[in-house]
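Listed below are the residues making up each chain.
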Amino acid sequence: MAITLNHTIVPSHDKVASAKFYSRIFGFEYIGEFSHFIVVRVNDTLCLDFDNKEKFESHHYAFKVTEQEFNEIFSRLEAENIKYGSSPYESENMKINHDNDGRGVYFRDANGHLLEMLTTDYKIGL
């Protein structure tokens, strides 16, 4: 069996609002409370567990999506007037990239975490 990432904790200022944002924008399943976390299911093997923290460093979360999912998620970004960009260093230039023969975009959540959506894998070591 291949090793998979099962869950990760996402620090946030408001765990409920953050979990609902990821569910709304990405279409992830909102599970709700588990212990003191608020959980969303990304797919069959991965959950994001949101936890309230007062101080934390921003993280980067990258999600590979299909072309159709990209279109749907991107439409929701535009509908909510969320600034986006073509690179992690230009996350508000209102452009998407076409790296690796696909599409990609970066944007931030309310906690300052940098989110990435891409349709093709990076060509690392190929």
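How each quantity is defined
Residues numbered from 1 in each chain as written. Predicted model: local features only at pLDDT ≥ 70, side-chain atom pairs only at ≥ 80, totals over all residues. Heavy atoms only, no water. Helix = DSSP H or I, 4+ residues; strand = E, 2+ residues; numbered from the N terminus. Buried < 20%, exposed > 50% of the residue type's maximum accessible area, 1.4 Å probe, protein only. Polar contact = N/O pair within 3.5 Å; in protein donor to acceptor, adjacent residues only side chain to side chain. Contact = heavy atoms within 4.5 Å. Pairing = 2+ DSSP bridges. Core = buried A, V, L, I, M, F, W, Y, C linked by side-chain atoms within 4.5 Å. Axes fitted to C-alpha atoms, helices over the stretch in contact; angles between N-to-C directions.

Position of Asn111 relative to the elements: it lies in the loop between strand S7 (104-108) and strand S8 (114-118). Note on Asn111: relative accessible area 10%, which makes it buried. Within polar-contact distance, the side chain of Asn111 engages the side chain of Ser18 at 2.9 Å. Not counting the four nearest positions on each side in its chain, Asn111 is found in contact with Pro11, Ser12, His13, Asp14, Ser18 and Phe56.

The next thing to look at is the sheet that holds S7. Here four strands make up an open sheet; going across it, the order is S5-S8-S7-S6 and the pairing mixed. Across the chains shown, the open sheet's two edge strands, defined by having one partner strand only, are strand S5 (60-64) and strand S6 (84-85). With two bridges joining them, S6 and S7 adopt antiparallel strand pairing. Across the sheet, residue Gly85 finds its bridge partner in S7, namely Tyr106.

On to the nonpolar core. By size, the foremost hydrophobic cluster in this structure holds 26 residues, and its most contacted members are Tyr22, Ile25, Phe26, Phe28, Leu48, Phe50 and Phe107. Sorting the residues of this core by element identifies helix H1 (15-26), strand S3 (37-41), strand S4 (47-52), S5, helix H2 (67-79), S7 and S8 as the ones contributing at least two each. At five residues, the largest contribution of residues to this core is made by H1. Those residues within four positions of Leu48 in sequence are excluded, and the remaining contacts are Thr8, Val10, Tyr22, Phe28, Ile38, Val39, Val40, Val42 and Phe63.

This part covers the sheet that holds strand S2 (residues 29-34). Taken together, the four strands give an open sheet; going across it, the order is S1-S4-S3-S2, and neighbouring strands pair in mixed fashion. Since the sheet does not close on itself, it has two edges, and those belong to strand S1 (7-12) and S2, each with one partner. Strand-to-strand twist of the sheet, defined as the mean angle between neighbouring strand axes without regard to direction, takes the value 25°. The sheet contact formed by S2 and S3 spans five bridges and is antiparallel. Residue Tyr30 lies in a different strand from S3, and its bridge partner there is Val40.

As far as function goes, none of this settles anything; it's purely spatial.
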